[in-house]
Each structure stands twice: as C-alpha cells, then as structure tokens.
Amino acid sequence: MYSLRDGILYRRSFLGPLLRCLSQTEGRRILPDIHSGDSGNHSGRRSLAVKSKMEGYYWLSMDENAKNVAKRCERFGIPAAIVSDNGKQLQGKNIDMLFDTFNIQKNKSTPIYPKSNGQAEVTNKTIATNLKKKLGA
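Residues numbered from 1 in each chain as written. Predicted model: local features only at pLDDT ≥ 70, side-chain atom pairs only at ≥ 80, totals over all residues. Heavy atoms only, no water.

A few words on the overall build of the chain. Helices and strands together make up the secondary structure of the chain, namely five helices and six strands. When the helices and strands of the chain are listed from N to C terminus, the series reads β-β-β-α-α-β-α-β-α-β-α. Of all 137 residues assigned to the chain, the portion counted as buried reaches 31%. Within the chain, contacts between residues at least 6 apart in sequence are counted, and of these 49% link residues at least 24 apart. Total accessible area on the chain stands at roughly 9,600 Å², and carbon and sulfur atoms take up 54% of it. (Helix = DSSP H or I, 4+ residues; strand = E, 2+ residues; numbered from the N terminus. Buried < 20%, exposed > 50% of the residue type's maximum accessible area, 1.4 Å probe, protein only. Contact = heavy atoms within 4.5 Å. Areas by Shrake-Rupley, 256 points an atom, 1.4 Å probe, with all protein chains shown as cover.)

Structure (structure tokens):
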C-alpha cells in the first residue's frame, strides 16, 4: 500500500496511481490553494479531499483538514457569478444590494445564442434556491 521512492513516501490510491504522502503541516498549507486557487471552486469538505487526491496528495488528516477549510470559507455555497437572460428577475435595488454584499458578479447571456438563456434560467433557479437556504429565507 505504501512505497518509498527516492526518499519520498507514496501511498497507492484505490485506482492505482501513487499519491505523495504529506505531513499534516504540508497538507494544511496546500488545501487553501486547491480550494480557491486557479482550479478551485470553493467546494465542500468531501469534494475538497477528493480533489486533493486527484492532485496527487495524501495525508492522514486530510478529511478533517478539508472540513475545517470548507467551514472557514465564506464563499462556500455562494456563486462568484450569475448569468442572466436579460430578464427582470435579477434587476432592482434589493438584488443589487444582495450581489454587492456577497461579491456576486452579474453576467448577461447574449441574444445571439438563445439556448443559453434557458441554461441561465435553470442555473439561476438552482443558485436562488441555495441562496435562500444559506440566508435562511
């Protein structure tokens, strides 16, 4: 299950590739980068731990550390941007105030590709539901 190569400890993953074993300190140092870096999406505990493994890392307390990082993340469950189909549902002072409070960027889909408008509706419905749950409304 474990192997030592060139002085570095590796653990064989379920699917076979080797995962580099890290100390708890090293693991806690890379988790924020995986969580919110270029490839990060502010994911929750479980997907953050899985993403760490997909990046090729393993340490004993990775699940607990991922839980703590996800819990401290203020953007967990809140999107960075919402795509609108230019409708009135995302216009007004209250919506602007909400978007400003949570640093959510408004994007509009173009009328050149009308199929994207339907996708925006579905995405926005999901996001609105999650926002309501988050805000307790």
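Attention now moves to the pairing of strand β3 (residues 18-21). Because side chains alternate across β3, one face comprises the buried residues L19 and C21, and the other comprises L18 and R20, none of which is buried. Bridge count between strand β2 (residues 8-12) and β3: three bridges; the pairing is antiparallel. Within the sheet, the bridge partner assigned to Y10 lies in β3 and is R20. Taken together, β2 and the strand that follows it, β3, pair antiparallel across an intervening segment of five residues, in which G16 is found at a positive phi of about 115 degrees. Relative to strand β4 (residues 57-58), β3 runs parallel, the two sharing two bridges. Along β4, the bridge assignment pairs R20 with Y57. (Pairing = 2+ DSSP bridges.)

Let us look at unusual backbone geometry. With a phi close to 50 degrees, D6 is a non-glycine residue in the positive phi region. Residue placement: D6 occurs in the loop between β1 (2-5) and β2. Located in the positive-phi region is N103, a residue other than glycine, with phi close to 50 degrees. When its relative accessible area of 58% is taken as the criterion, N103 is described as exposed.

A surface patch of like charges, here positive, comprises R45, R46, K67 and K71. Within the residue set of the positive patch, elements represented by two or more residues are α2 (45-54) and α3 (62-72). Tracing the backbone through its elements, the reader meets R46 in helix α2. For R46, a relative accessible area of 64% gives the class exposed. (Patch = residues over 30% accessible without salt bridge, like charges linked within 9 Å, V, L, I, M, F, W, Y side chains within 5 Å. Salt bridge = Lys/Arg side-chain N within 4 Å of Asp/Glu carboxyl O. Lys, Arg positive; Asp, Glu negative; His and termini not counted. Charge placed at Lys NZ, Arg CZ, Asp CG, Glu CD.)

Core analysis: the biggest nonpolar cluster contains 13 residues, and I30, L31, L48, Y58, W59 and A66 have the highest contact counts within it. Elements that contribute at least two residues to this core include exactly β3, α1 (24-36), α2 and α3. Aside from chain neighbours lying at most four places away, what touches L48 is L31, I34, H35, S43, A66 and V69. The next biggest cluster of nonpolar side chains, apart from the first, holds seven residues, and it includes L90, F99, I127 and L131. (Core = buried A, V, L, I, M, F, W, Y, C linked by side-chain atoms within 4.5 Å.)

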